[in-house]
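Descriptive analysis of the structure
If you want the building blocks of each chain, they are given just below.
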Amino acid sequence: SECTSSECSRKSRESQPSSTAPVLSGPAARSRFRRAPHLGFFRGTEMFVRCGSIAAPYAAPSVVARASVHARTGRVVRAHGVARSSERAAAARAPAATAHPKAKRGSLAAVARAMAGNVSPDGYSVDGMGCAAVDEQLLEHEGHLKYRWDKFMETKKRIEDAEGSLEEFAKGYDKFGFNKKSDGSIVYREWAPAACSAFLIGDFNQWSPESHPMQKDDFGVWEITLPAGTIPHGSRVKIKMRKSDQGWVDRIPAWITYATQEPQLGAHYDGVYWDPPAGEKYERVNPRPKRPASSRIYEAHVGMSGEDPKVNTYREFADDILPRIKLGGYNTVQLMAVMEHAYYGSFGYHVTNPFAVSSRCGTPEDLKYLVDKAHGMGIRCLLDVVHCHVSCNIEDGIAGYDFGQHTESSYFGAGDDGYHWLWDSRIYNYGNWEVQRYLLSNLRYWVDEYGFDGFRFDGVTSMLYNHHGLEMEFSGDYKQYFGMETNVSAVNYLMMANDMLHECYPGIEVIAEDVSGMPTLCRPVKEGGIGFDARLAMAIPDLWVRTLKASRETGLKDEDWSMHDIIATLCNRRYTEKCIGYSESHDQSIVGDKTVAFWLMDAEMYDGMSTFEEPTDVVSRGMALHKMIRMITMAIGGEGYLNFMGNEFGHPEWVDFPREGNKWKHDHCRRQWSLSDTEHLRYFELNNFDKALMQLEEKFGFMSHEHQFVSMACEERKVIVAERGPLLFVFNFHPTMSYEGLEVGLGMPGKYRICLDTDAWSFGGAGRVGHDEDHFTSPGGPNTFVGPYEQEPRPCMLKVLSPSRSAQVFYKVPEDEIDMSLNVGAGENVHNLRQPGGLRVEPIGSVPPPR
């Protein structure tokens, strides 16, 4: 059936709760913080929210870092309280640490430190409680965490005993599917224990149903060996199986690396035997780029990346789009919809063939060309991997291997455990030996075969819990994370995946899409964590959508925006667990929703974006807030940043894949790059600002810096002041009020200059701030508030001009007067860059005269 935006494409937003961040309340919340001098954080009746990620302000070297609060929530509709398996019951029955909750804070810290020191010679925690050293509240769930750890170590030990190591176990693609021996003979193996008989069929034998029978071993693995050259490269293949008394079925091999569809409408896919001769194989020549201190991620969909109304190819993306990404200042590209999916409109999330590249965009060799070319430009490639579910399509995908057999003989769980009712998809049985081999091998295959540098795991919340995060509120109570509804088997699989990936590939980056705020998600596996490097800060785009939607639909005035809510959301992340901040992703671009630019300017984006005419009030507001939202999100929203393709220049309209409802048109499934290349359009100015923002991070590395301090969030003035790394950010969200001589606090004395200004003429601003002026500090910071909470004054004060609806970034000038501004030539800063489409540089004056 047709996949609508509310069913597949926007699944991560529609299926997961979305509202405000969870609130930690009562003694449990209070016990998690140590007072740190000079660190602003909100202290409410029942809520603590920290402003700094880990803070060691320049003027306060003795500061003690403290634990943090966590992620976000949704709504409660109904609760799930019935255990569905003995494993869940066992996890719930695991003994709790009854002595810890009433222990004094000092004793809690001592216990946590002692547990962190319980490390085996191989570097792994003895009991999985090493995470408690950074989150003492975990001690209250010691029983569950130790049970989880024991199951992980038990599974890993069984794998090592049987296969030699977890790393070797994850090379299942060398055993299953099609492989060639040294003599050229072809071996094909398939795990299908429920099948009574099996035959290999395809073009090579004219689809003869009985000419090539396969043999089954004691573990349900079917095998056949063929002489060298029996199956030509590029020919179609399938496996024919008999389902006991249910007749015969033809299926695509589960480990197939390429699958194609006949051109006629409604045709099914066929597996393709892919073994190109030496002259046609693509050989990678460029080394992997080193992992950056902070990732600036460009989320991209290859098929819709072209301007023409068609499906773009891997090679077209490599040749035409990668140069834009490079010149835009991004160091990482996240590729969506690469794993084969029969329905294009699913945005790649209803995967049918996990090991196969999407044939719409080209061949496996074409994808290798793309990744290798990205590496040659210094761009790392992340794959959007989907292991949380798989398409129900039995004709074209792995779901066809479920004949209704017992779950131990299937890739999927039985009954409700194997079916996602909202996504209409199948769920893997993560505790099954062969499923673990299949999924772990899938990860290693994409890294080894194509050169990917990491993964963005889709739908992790659905994997972590038996309720999949549906109709569930995550309030911050740790009992919601560690109890009967935790899917321990899936958690153990994720731990094994991260353990294997980080052991095999030390520079890899693995990101989780999780909305629940699961503690330990981004802590190392060796100390008992789940092992991700970062989680997506999914509350941030929800904040902006909620605010902009209220402004347009319910009349919320800009002067009524809550600075406190903005800061609470941007800074709401777990201590020592990194986040990727973003103001919008593909979710906000899908039909049925709106991008930030479209919420702000709507219909005026069609005829109000020419610089030959004065901007309307709507366009002026939209341009200003679009830049400010992106800057503040990047400045204090996480340790990395993500942007969806085209949104950097405010791409108009929405994404709508060709489907029956739009007469199979590609008009809204493409990117209009010419808008950002045309100098007399305001899209060009927004694009230039985004480049400058990326260059600012490249120059100063503020996202990876440990220093983050929010000293002011004034509700009356609508001003936010924050320090991040060596930079000072001043945001004025007030629609009409400008402040001359605004007193702002900061940590280090000295001389400061502007290095980025959203109000610069070259970015479509009004040019109200001079960029060549020096600002000198004076001792003692002003008295400031973050929301209703008074902050300790900063050591120094700076007086600045803060125009309405604008933001300025200041850097400290070194004593030797070296110009640290981002420049092309001497004295030129980021506002000089005029790069249509990133194709050329034409320096102009730093502050243009008034128009």
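Now for a description of the structure that goes with this document. (Residues numbered from 1 in each chain as written. Predicted model: local features only at pLDDT ≥ 70, side-chain atom pairs only at ≥ 80, totals over all residues. Heavy atoms only, no water.)

1. Section: the overall build of the protein
Note the following rule: Numbering of helices and strands starts at the N terminus; helices are DSSP runs of H or I of at least 4 residues and strands are runs of E of at least 2. Relative accessibility thresholds used throughout: buried, under 20% of the residue-type maximum; exposed, over 50%; partly exposed, between the two (1.4 Å probe, protein chains only). Here, residues are in contact when the closest pair of their heavy atoms is within 4.5 Å.
Per the secondary structure count, the protein includes 20 helices and 35 strands. Expressed as a percentage of its 851 residues, the buried residues of the protein come to 62%. Expressed as a percentage of contacts within the protein between residues at least 6 apart in sequence, the contacts between residues at least 24 apart total 73%.

2. Comments concerning the sheet that holds strand β7 (residues 221-226)
What counts here: Only strands joined by at least two bridges in the DSSP assignment are considered to pair.
Strand order in this open sheet of 4 strands is β3-β4-β7-β6, and the pairing throughout is antiparallel. Of all strands in the sheet, those with a lone pairing partner are β3 (177-180) and β6 (215-216), marking the two edges. Taken together, the 2 bridges between β6 and β7 define a ladder with antiparallel strand orientation. If you follow Gln 215 over to β7, its bridge partner there is Glu 223.

3. Side note on the packing of helix α18 (residues 617-636) against helix α20 (residues 682-700)
Short version of the rule: Angular values range over 0 to 180 degrees, each being the angle between N-to-C directions of two axes fitted as lines to C-alpha atoms, with helices fitted over their stretch in contact. When an angle is under 35 degrees it counts as roughly parallel; over 145 it counts as roughly antiparallel; between 65 and 115 it counts as roughly perpendicular; any other value is oblique. Crossings are assigned a handedness: left-handed for a near helix turned anticlockwise from the far helix by less than a right angle, right-handed for a clockwise turn. Gly falls in the polar group here, along with every residue not listed as nonpolar (Ala, Val, Leu, Ile, Met, Phe, Trp, Tyr, Cys, Pro) or charged (Asp, Glu, Lys, Arg).
α20 packs onto α18 with a crossing angle of 20° between their chain directions and a minimal axis gap of 11 Å. Here α18 lies roughly parallel to α20, going by the angle between them. Here the hand of the crossing between α18 and α20 comes out right-handed. In this structure, α18 uses Val 619, Met 623, His 626, Lys 627, Arg 630, Met 631 and Met 634 to contact α20, whose residues at the interface are Arg 682, Glu 685, Leu 686, Phe 689, Asp 690, Leu 693, Met 694 and Glu 697. The residue inventory of the contact of α18 with α20, partitioned by class, reads 8 nonpolar, 1 polar and 6 charged.

4. Some thoughts on the packing of aromatic side chains
Basically, it comes down to this: Think of it this way: a Phe, Tyr or Trp ring, Trp meaning its six-membered ring, pairs with another when their centres are within 6.5 Å, and the plane angle makes it stacked under 30 degrees, edge-to-face over 60, tilted otherwise. Definition used: whenever NZ (Lys) or CZ (Arg) falls within 6 Å of the ring centre and also within 35 degrees of the ring normal, the charge is taken to sit over that ring.
Overall, the coordinates contain 45 aromatic pairs when judged by the stated rule. Summarising the aromatic geometry, the rings of Phe 649 and Trp 673 are spaced 6.0 Å apart at their centres and angled 55° between planes, so their arrangement reads as tilted. Residue Phe 649 is found in the loop between β24 (640-644) and α19 (673-677), and its partner Trp 673 is found in helix α19; the two are separated by 24 residues along the sequence. The class for Trp 673 is buried, based on a relative accessible area of 5%. Both rings, one in Phe 689 and one in Phe 763, keep their centres 5.4 Å apart while their planes meet at 75°; by these two values the pair is edge-to-face. Linking Phe 689 in helix α20 with Phe 763 in the loop between β29 (751-757) and β30 (775-776), this pair joins segments that are 74 residues apart in sequence. On the accessibility criterion, Phe 689 (1% relative accessible area) is buried. If you follow Lys 368 out to its NZ or CZ, it ends over the ring of Tyr 450, 5.8 Å from the centre.

5. Looking at the pattern of salt bridges
We apply this condition: What makes a salt bridge here is a side-chain nitrogen of Lys or Arg within 4 Å of a carboxyl oxygen of Asp or Glu, nothing more.
As enumerated under the stated definition, the model contains 49 salt bridges in all. The closest approach of N and O atoms between Asp 677 and Arg 324, which form a salt bridge, is 2.7 Å. Taken together, the residues Asp 677 in helix α19 and Arg 324 in helix α8 (residues 314-327) connect sequence positions 353 residues apart. According to the relative accessible area criterion, Arg 324 is partly exposed, its value standing at 24%. For Arg 523, the salt bridge identified is with Glu 527, shortest N-O distance 2.6 Å. Since its relative accessible area comes to 14%, Arg 523 is described here as buried. Salt bridges here are not isolated pairs; linked through shared partners, they connect Asp 203, Arg 236, Lys 238, Glu 262 and Asp 270.

6. Observations concerning the environment of Tyr 147
For Tyr 147, the position within the fold is in helix α6 (residues 142-163). Under the relative-accessibility criterion, Tyr 147 is labelled buried at 16%. Expressed as a C-alpha distance, the spacing of Tyr 147 and Gly 128, which sit 19 residues apart in the sequence, is 8.9 Å.

7. Describing the side chain of Asn 487
Position of Asn 487 among the secondary structure elements: in the loop between α11 (460-464) and α12 (488-504). Looking at Asn 487, the relative accessible area reads 16%, which means it is buried. Excluding residues within four positions of it along the chain, Asn 487 makes contact with Tyr 430, Met 463, Leu 464, Tyr 465 and Asn 466.

8. Topic: helix α9 (residues 364-376)
As a reminder of what qualifies: Here the expected length of a helix is defined as 1.5 Å per residue gap, with one fewer gap than residues.
Taking 1.5 Å per residue as the helical rise, α9 with its 13 residues ought to reach 18 Å, and the 19 Å between its terminal C-alpha atoms agrees with that figure. Extensive coverage of α9 is indicated by the burial of 11 of its 13 residues. Where α9 is concerned, the buried positions are Pro 364, Glu 365, Asp 366, Leu 367, Lys 368, Tyr 369, Leu 370, Val 371, Asp 372, Ala 374 and His 375. Contacts from the buried residues of α9 go to α8, β13 (332-336), β15 (353-357), β16 (380-385) and α10 (433-450).

9. Some thoughts on the packing of α8 against α9
Interaxial distance between α8 and α9 falls to 7 Å at its minimum, and their mutual angle equals 20°. Comparing the axis directions of α8 and α9 gives the class roughly parallel. For the element pair α8 and α9, the recorded crossing hand is left-handed. Residues Tyr 314, Arg 315, Phe 317, Ala 318, Asp 319 and Leu 322 of α8 form the contact with α9, whose own contacting residues are Glu 365, Asp 366, Leu 367, Tyr 369, Leu 370, Lys 373 and Ala 374. Each residue belonging to the contact of α8 with α9 can be placed in one class, and the counts come to 8 nonpolar, no polar and 5 charged.

10. A closer look at the sheet that holds strand β28 (residues 739-746)
Here 3 strands make up an open sheet; going across it, the order is β28-β34-β31 and the pairing antiparallel. Unpaired on one side and paired on the other, β28 and β31 (778-779) mark the two borders of the sheet. Both β31 and strand β34 (residues 796-802) contribute to a ladder of 2 bridges, which runs antiparallel. In the sheet register, Ser 778 faces β34, and the bridge partner there is Met 797.

11. Considerations on the pairing of β24
Burial analysis of β24 places 5 of its 5 residues in the buried class, the great majority of the element. Here β24 shows a buried face lined by Gly 640, Leu 642 and Phe 644 and a second buried face lined by Tyr 641 and Asn 643. Relative to β24, strand β12 (residues 296-301) is paired through 4 bridges, and the arrangement is parallel. Residue pairing for β24: Tyr 298 is matched across the bridge by Asn 643. As defined by bridge partners, strand β23 (residues 579-581) adjoins β24 across 2 bridges and the pair is classed as parallel. Opposite Gly 581, over in β24, you have Tyr 641 as the bridge partner.

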